[in-house]
Amino acid sequence: MTHAAVVSAMRPPFPAERGVDVYNKKLGMWVFLASEIMFFTALIGSYVILRFGAPAEWALPGKVLNIPVTAFNTFLLICSSVSMVKAYAAISHGDQKGLRMWFGLTILGGAAFVGVQVYEYTHLIRHGFLPSGFRDGSELAELAAANPIVYGQTIAGLYGSTFFTMTGFHGFHVTCGVISMLYLYITRVLPGKYTKDDHAGVEVVGLYWHFVDLVWIILFTIVYLI
Amino acid sequence: MDTAHKHPNYILIWVYLAVLTALELGLAFELPISRNLKLVLLMFLAIWKALLVAMYFMHLKFEKWNLRILFIIPLPLAAILILAVITEHIW
Amino acid sequence: MTTAAAPHAMPHAGHGPTSFWRKYIFSTDHKIIGIQFLFVSLFFLLVGGILAMQIRWQLGFPGRPMPGGGILPETMAPGGVILPEYYIQLVTMHGTFMVFFAIMPLLVGVYANFLIPLKIGAHDMAFPRINMASFWAAFLAGMIMLAGFFVPDGPSRAGWTMYAPLSASAEYSGVSTGQILWCLSIVVLGLSSILGSLNYITTIINNRAPGMTWFRMPLSVWALFITAILGLLALPVLSGAGIMLLFDQTIGTHFFDPAAGGQALLWQHLFWFFGHPEVYILILPAMGMVSDIISNGSRKPIFGYHSMVFAIVAIAFLGWIVWGHHMFVSGMNPTLGSTFMVSTLAIAVPSAIKTFNWMGTMWRGNLRFHVPMMNAVGFVSMFVIGGLSGIYMAATPLDMFIHDTYFIVAHIHYVLFGGSLFALFGAFTYWYPKMFGRMMSERWGKIHFWLTFLFYNATFFPMHILGMGGAMRRIYDPTQYDFLKPYQPLNQFISISAFLLFATQIIFIVNFVGSLFRGKKAPANPWDDNGLEWTLPNPAPHGNWEKPPTVYRGPYEFSSPEVAEDYLPQTRKLPTDREPVLAPAAGD
């Protein structure tokens, strides 16, 4: 099959010197993800640095944060990552129905993740966990006063600061992903504008979505489990 | 990348991820081992999961080496920043 | 958005948008975006200069009413006498505007945008609309930063480096809203920069014309490519740090608050981890453009093209592991300090390679001292001085003494003004014809160069002496210290030179603006240069070329034995040239 006969928008521009053999949008997304790695490095790295250098021990895992709910959330995000890649596999074979189903499931999974996070945040704030630490007079503040070691009372300010910033920005990225996917779903997926030869949008948003999942995998481990 | 490449078995990867997550939870709460060892093992598991997502879901395993480099370059930089600043404290 | 598009979707070459708004204001054409960056950044350069004039007034004539100071409000300068609180804001904002809103966008926003597609034979950037977003985000960031002057208590007081805890707490600095605006502005600017970088990187990797192999790209493009990678990876760290600082000020987090277990030094590490690659962002494009200009002005190929490329890569690579040299006196681990000392000394080597290569290019060349060439050679000599003072600072024991003195200020201004700004004056003149279709005045360009060179050295060279004498940075009144009183005449000399330097720039402004209307109409290739951009008419049409041009050779074939002229454009085909062989498109 000569290149002239293959009509695919998903190829590098031609005629041009050989780049990295991927089309512009995809390369652009990869480059963007490289910058996102550095952004999360700043946030997560600061957490690691602050924790290593902290003058006191942090709260034991599971005492302040709700592990079962978050573990479920982790699973949910991983599932949505799988459905995303199944959506991509579907359209790469021209399967519109499969695309619609899997892509829709991904959006639902993502939205559910955000929902659970919002629930988690409101729950934590109500119990007294804030970015600045334990709120005076709250339930958590009292628990911490009774068991300062278990609840990492002296260092609660840093705990709150790092927790909310890291998970908050991750949640922000997930939300942007859900909104983008919803936009694509309504304007391109449902009307059947993606084809076997041109489904760049699916692949590109998929890359973003997997990245967001990847960051969460790291975050879940080092924020909730350690 | 276009339509011709083979798709790996995504469901299988999903199973691996689920198993690894379960392992992590068990490790974090059940096993009576030292904190430092726990830390190392948990990080190892997390990185393994992250690699699975990167290599299979993001198809890095099937892309050209120079695209992989793009993703890899920030990692040593991140490591340098974190390690250098941590050593700051150990003196 | 088209679905099954042809393999090379052709933009509408020749007929772009026609309405005034789409053509000049919300344009997606990289050339227009470059020019937009040019006008906005020149404005901020002026703002930075005006702030500097006030700083120099206070340092040269402490406590005296400033001419024209009466227009400032009582909170800043009652009776025209600059208050200490206002002085430190001047210092902070001068640095901030010059680094983030003048030099960086002038080098990257203007020339990466304008030159890259032209020099590699592409129709436009890979993502024209993201490019437009990048400009408008930068504009917004600039406006947010400027707004700091108009809020109660004024803009930030923590120095352009924003060290915590001074920057993290309004209790210490006395500034609340202004500080928040600084952080917001920087986060927005970071986004603009990242979007720009991703465009430049993607375009250079994927959209090079047939025959434009990696090692046939001009050094300006190489430099802009490596700069884009630096920006891509460094700016997010600043954004992250800026967000943490913002949170410390607003929602009560404690990242940089030692009382709650945070670390003030963490800010320094994050800032300089970004900050050092940032200064290479501020110099590499200048070096790249200077290489192009010097090769042209010498009518000789650049000496050691490959080593120039490797030097750029080496500088960028090493630039990641030297950041601690800004923090030698912070009380950090001395062992870590020594590693930074070694890496900082090492980074002098590739810079030296580049310097010798420029000299090698000029050696026995058929020198044409046009205005860009003069500025480019000025760059080389001034950069050497700035680089040499850097070696002193790299040596930790010596830096203990000169850190935070005027020796550092001298170094900064030698590399940024003597370096980047002279290169920019050269670049403005060199690519002016391609941007605006007219030539700037040669005579006034030369007068501007010599006067600037004179007053610039008179302003900044004595600062080395001041610094060795122990004059501290950022202080309001040097005469309050007995040991600095003997240096006051030198301070006055510097201030007067600075005023004359600023006044000289009027020549440039008049030349620049005047030539837009009355400059000589420029031919397509006024400098007899080889780059692809000179094969296009002035102004270049939307979409640049109908079909991508074919490239047969590198960009520095001056005085080639193969042709009678002393230049040989990259796209000119000689009987001995073969067509480039393109790798088959992916998927075949």
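Residues numbered from 1 in each chain as written. Chains lettered and ligands numbered in written order. Predicted model: local features only at pLDDT ≥ 70, side-chain atom pairs only at ≥ 80, totals over all residues. Heavy atoms only, no water.

## Topic: the overall build of chain C
Part 1: Summing up its helical and strand segments, chain C has 17 helices and zero strands in all.
Part 2: On C-alpha atoms alone, chain C measures out to a radius of gyration of 24 Å, which is about the 25 Å that the 2.2 N^0.38 rule sets for 588 residues.
Part 3: Summarising its shape, the C-alpha atoms of chain C cover approximately 75 × 55 × 50 Å along the three principal directions.
Part 4: A total of 588 residues make up chain C; the buried ones form 64% of that total.
Part 5: Excluding contacts between residues fewer than 6 apart, the proportion of contacts in chain C whose partners are at least 24 apart in sequence is 79%.
Part 6: Carbon together with sulfur atoms contributes 70% to the accessible area of chain C, which is approximately 21100 Å² in total.
Part 7: Side chains of chain C carry 30 positive and 26 negative charges; the gap between the two charge centres is 10 Å. (Helix = DSSP H or I, 4+ residues; strand = E, 2+ residues; numbered from the N terminus. Rg over C-alpha atoms; globule rule 2.2 N^0.38 Å. Buried < 20%, exposed > 50% of the residue type's maximum accessible area, 1.4 Å probe, protein only. Contact = heavy atoms within 4.5 Å. Areas by Shrake-Rupley, 256 points an atom, 1.4 Å probe, with all protein chains shown as cover. Lys, Arg positive; Asp, Glu negative; His and termini not counted. Charge placed at Lys NZ, Arg CZ, Asp CG, Glu CD.)

## Here's the deal with the packing of aromatic side chains
Part 1: Scanning all chains against the criterion turns up 90 aromatic pairs over all chains.
Part 2: Ring geometry for Trp57(C) against Phe61(C): centres 4.8 Å apart, planes inclined by 40°, an arrangement best described as tilted. Here Trp57(C) matches Phe61(C) in class, with each residue buried.
Part 3: Ring geometry for Trp214(C) versus Trp222(C): centroids 5.6 Å apart, planes at 40°, classification tilted.
Part 4: Since its relative accessible area comes to 26%, Trp214(C) is described here as partly exposed.
Part 5: Classification of Trp222(C) by relative accessible area gives buried; the value is 7%.
Part 6: These aromatic residues form a ring-pair network of at least three members: Tyr47(A), Trp58(A), Phe113(A), Tyr121(A), Phe129(A), Phe134(A), Tyr159(A), Phe163(A), Phe164(A), Trp216(A), Phe220(A) and Tyr224(A).
Part 7: Above the plane of the ring of Trp214(C) lies Arg208(C), whose end atom (NZ or CZ) is 4.2 Å from the centre. (Phe/Tyr/Trp six-rings, centres within 6.5 Å; stacked < 30°, edge-to-face > 60°. Lys NZ or Arg CZ within 6 Å of the ring centre and 35° of its normal.)

## Some points on the interface of chain C and chain A
Part 1: With 50 residues of chain C in contact, the opposing surface of chain A contributes 49 residues.
Part 2: Buried area between chain C and chain A, summed over both chains or domains, comes out near 4200 Å², and the portion from carbon and sulfur atoms is 68%.
Part 3: Across the chain C-chain A interface, the total number found is zero salt bridges.
Part 4: There are eight residue pairs in polar contact (both at pLDDT 80 or more) connecting chain C and chain A. (Buried area = accessible area lost by both parts, 1.4 Å probe. Salt bridge = Lys/Arg side-chain N within 4 Å of Asp/Glu carboxyl O. Polar contact = N/O pair within 3.5 Å; in protein donor to acceptor, adjacent residues only side chain to side chain.)

## Examining the interface of chain A and chain B
Part 1: At the interface, 53 residues of chain A touch 42 residues of chain B.
Part 2: On the chain A side of the interface with chain B, the three residues burying the most area are Trp30(A), Ile49(A) and Leu225(A), jointly 15% of the side's total.
Part 3: At the boundary of chain A with chain B, the tally comes to three salt bridges.
Part 4: Close ionic contact of Lys26(A) with Glu63(B) constitutes a salt bridge, the shortest N to O distance being 2.6 Å.
Part 5: Elements with a contribution of two residues or more to the side of chain A that touches chain B: helix 1 (24–53), helix 2 (67–92) and helix 6 (200–224) of chain A.
Part 6: At 15 residues, the largest contribution of residues to the side of chain A that touches chain B is made by helix 1 of chain A.
Part 7: Here the residues of the side of chain A that touches chain B are counted per class, giving 33 nonpolar, 11 polar and nine charged. (Nonpolar A, V, L, I, M, F, W, Y, C, P; charged D, E, K, R; others polar.)

## Some thoughts on the environment of Thr396(C)
Residue and element names in this part refer to chain C.
Part 1: Its place among the elements puts Thr396 in helix 14 (residues 396–402).
Part 2: Measuring from C-alpha to C-alpha, the distance between Thr396 and Thr250 comes to 37 Å, with 146 residues separating the pair along the chain.
Part 3: In this view, Thr396 contacts Phe328, Gly337 and Met341; residues no more than four positions away in its chain are not counted.

## Let's talk about the packing of helix 3 (residues 96–127) of chain A against helix 6 of chain A
Residue and element names in this part refer to chain A.
Part 1: Where helix 3 contacts helix 6, the two axes come as close as 13 Å, and the packing angle between them is 35°. In this structure, helix 3 meets helix 6 at a crossing whose hand is left-handed. When helix 3 is examined against helix 6, the residues Leu99, Phe103, Thr106, Gly110, Phe113, Gln117 and Glu120 are found in contact with a partner set consisting of Val202, Val205, Trp209, Trp216 and Tyr224.
Part 2: Taken together, the residues of the contact of helix 3 with helix 6 sort by class into eight nonpolar, three polar and one charged. (Axes fitted to C-alpha atoms, helices over the stretch in contact; angles between N-to-C directions. Left-handed = near helix turned anticlockwise from the far one by under 90°.)

## Overview of the nonpolar core
Part 1: Core analysis: the biggest nonpolar cluster contains 296 residues, and Phe103(A) and Phe379(C) have the highest contact counts within it.
Part 2: The biggest single contributor to this core is helix 3 (residues 84–120) of chain C, with 25 residues.
Part 3: Leave out the neighbours within four places in its chain, and Phe379(C) touches Ile283(C), Ala286(C), Met287(C), Val290(C), Trp358(C), Gly418(C), Gly419(C), Ser420(C), Phe422(C) and Ala423(C). (Core = buried A, V, L, I, M, F, W, Y, C linked by side-chain atoms within 4.5 Å.)

## Quick look at the confidence of the model for chain C
Residues and elements named next belong to chain C.
Part 1: Taken residue by residue, chain C gives an average pLDDT of 93. The fraction at 70 or more is 96%.
Part 2: At the level of individual helices and strands, chain C shows its lowest average pLDDT in helix 1 (residues 20–25), which scores 84, and its highest in helix 9 (residues 284–298), which scores 98.
Part 3: Across residues 1–14, confidence stays below pLDDT 50; counting only partners more than four residues off in sequence or on other chains, it has 26 contacts.
Part 4: Across the predicted assembly, pTM comes out at 0.94 and ipTM at 0.94. (pLDDT = per-residue confidence, 0-100.)

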